[in-house]
Amino acid sequence: MMHRNIPDDSTAMWTDAATSSVVVGVDAGATGTRCLVVSEEGLVLRSGRAPGANQRSSGDAWAESLVQALRAALSGIDPERVAAGFFGVAGAGGAGTVTARAAAVSAWRGQRLPGLPVVGMDIVAAFAAGSAAPEGLVLSAGTGAVAARIHTTSVVRRCDGYGWWLGDEGSAVWIGRAALRAVLGAMDGRDPGTALVDTVPRALLGQSAPPPGEDLAQALVARVYGAPPAELGGVAPVVDEAARAGDAVAHRILAEAAERLLHTLDSVRAGQAADGLPVVLSGSVLTRPTLVAELVAQGVRERYGVEPVRAHEGAVGAAALALRHHLGDTARARAAHEKLLDSAG
C-alpha cells in the first residue's frame, strides 16, 4: 500500500514549529524498520528507514536497525522536543519481550532522548494503523502472521505469531516455504508439476539458476539454509503471479494461506461477540493487491458482516500510540490519531 503523504526519508520535512513537542513511532518488522516523527496534532514531520529488526528472523544485526531508523528520522530534531515514543517490535511478545525492550531502550538512549519509550508488540501498532477505535480485531500477514483482539491498546487475546519454525501460518514466509516444497516435490516426482519449478528458483538464485534436477535442488537447499528466514517471503509475489496465470499448485498454496489466516482470525474471537467491531488487515500480504488479500477480505465480509479496513504502515500506528501515551486518553489524542490516519492515506 502506498502512502503518498508520508515523507520517504529524513530529507523530507513538513512545516514544523521548531519548539513544539513531537512523538516518535517505530515499527520494527522482519524485513524493514520504519520510524516516524509526528507532531502533537498528528502530522508526520520526518521519517527514517532501516533493514529488518526481528530478533528471530532478520539476522544478527537486527538491533542496529533500530538505531539506524531513529537516527535517520531524528536528524535535525532537538532531542528535548521528543515527548514520547512507541516501538512496535515483531517478535516482542512473550519470550522476546526482554530482548526487544533492551534493544529499543539502548537505541533510544543512544540518540540522547529524554525518558524511555514504550515497547510493545507490533500487532498493537498494526491495529492502531488502521483504526482509532478503542476495540477491534486485527489480522496481520507479512513476513510473519498473527491475529489479535485489541481493547484499549492492549492485546486481550492473540493467536499465532510464533515465528517461521512454529507458526506464522499463511504469512509470506509460509507461502515461500510451501512453494519451495512444491518445487522440490515436483522435481522429485512426488508432487504435481507446476510453473513454480521455473519461476521460484529464478527468484531465489537469479538467472544463473541450474535447470531442474539435482543441482538445482541442492542449490535451493544451500540458498534457503544459508539466508535469514525472512528472505523466503520474497517468493510470495512469484506464487501470486503464477496463481493468477492459472497454475493450480500456486493457487492451492494461496487458497490454503488465506484459509489459515481466516482460521487464525476466527480463533481470537473465542466465541465472543464481535458484532460491529472493526477488522483491520495489516502486513504486505493483506494490504497489497494480492490474491490472498482478496480471499481474506471476502472471508471477513462473509464471516463477520463488515468491510475490513486496510492498515497503513505499522509506524503510523506506533506514532498514534506514542501520541496516546503523551496526551493520555483524551479527545485531543483521539483527534490527532484520526488526523494521522487521514494524512497517511
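### Quick look at the side chain of serine 39
Tracing the sequence through the fold places serine 39 in strand β2 (residues 33–39). Owing to a relative accessible area of 6%, serine 39 belongs among the buried residues under this scheme. Once residues within four sequence positions are removed from consideration, serine 39 is found in contact with Ser21, Leu45 and Leu323.

### Focus: the nonpolar core
Formed by 48 residues in total, the largest nonpolar core has its most connected members in Leu196, Ile253, Val292 and Val296. Those residues within four positions of valine 292 in sequence are excluded, and the remaining contacts are Ile175, Asp240, Leu254, Ala257, Ala258, Leu261, Val285 and Leu286. Val124, Phe127, Ala128 and Leu327 belong to the second largest nonpolar core, which has 34 residues in total.

### A short note on the sheet that holds strand β4 (residues 82–89)
Taken in spatial order, the five strands of this open sheet run β3-β2-β1-β4-β5, and their pairing is mixed. Here the strands that pair on one side only, and so sit at the sheet edges, are β3 (44–50) and β5 (118–121). Pairs of neighbouring strands in the sheet enclose a mean axial angle of 15°, with direction left out of account. Contacting β1 (22–28), β4 and β5, helix α2 (residues 97–110) crosses the sheet at an angle of about 145° to β4.

### Describing the packing of helix α5 (residues 172–188) against helix α6 (residues 196–205)
Two packed helices can be described by the angle between their axes and the distance between those axes. As a packed pair, α5 and α6 sit with axes 9 Å apart at the nearest point and diverge in direction by 125°. Judged by the inter-axis angle, α5 sits oblique to α6. Crossing of α5 against α6: the hand is left-handed. Here α5 contributes Ala179, Leu180, Val183, Ala186 and Met187 to the contact with α6, which in turn contributes Leu196, Val197, Val200 and Leu204. Tallied by class, residues from the contact of α5 with α6 come to nine nonpolar, no polar and no charged.

### Focus: the pattern of salt bridges
Using the criterion set out here, one finds 14 salt bridges in the structure. Glutamate 41 is paired through a salt bridge with arginine 332; the nearest N and O atoms lie 3.9 Å apart. Of this pair, glutamate 41 sits in the loop between β2 and β3 while arginine 332 sits in helix α13 (residues 331–343), placing them 291 residues apart in sequence. With relative accessibility at 43%, the residue glutamate 41 sits in the partly exposed group. Between glutamate 135 and arginine 149 there is a salt bridge, with its nearest N and O atoms 3.2 Å apart.

### Overview of helix α7 (residues 214–225)
Under the 1.5 Å per step criterion, the end-to-end length of α7 is 17 Å for 12 residues, consistent within 8% with the ideal 16 Å. Among the residues of α7, Leu216, Ala217 and Leu220 are the ones counted as buried. Down the axis of α7, the buried side of the element spans an arc of 100°, and every buried residue falls inside it. Exposed positions of α7 whose direction lies more than 90 degrees from the buried face are Glu214, Asp215, Ala222 and Tyr225. On the buried face of α7, the contacting elements are α5 and α6.

Definitions and limits used
Residues numbered from 1 in each chain as written. Predicted model: local features only at pLDDT ≥ 70, side-chain atom pairs only at ≥ 80, totals over all residues. Heavy atoms only, no water. Helix = DSSP H or I, 4+ residues; strand = E, 2+ residues; numbered from the N terminus. Buried < 20%, exposed > 50% of the residue type's maximum accessible area, 1.4 Å probe, protein only. Contact = heavy atoms within 4.5 Å. Core = buried A, V, L, I, M, F, W, Y, C linked by side-chain atoms within 4.5 Å. Pairing = 2+ DSSP bridges. Axes fitted to C-alpha atoms, helices over the stretch in contact; angles between N-to-C directions. Parallel < 35°, antiparallel > 145°, perpendicular 65-115°, else oblique. Left-handed = near helix turned anticlockwise from the far one by under 90°. Nonpolar A, V, L, I, M, F, W, Y, C, P; charged D, E, K, R; others polar. Salt bridge = Lys/Arg side-chain N within 4 Å of Asp/Glu carboxyl O. Expected span 1.5 Å × (residues − 1). Arc of directions from axis to C-beta.

Remember that the coordinates give geometry; whether it matters functionally is a separate question.
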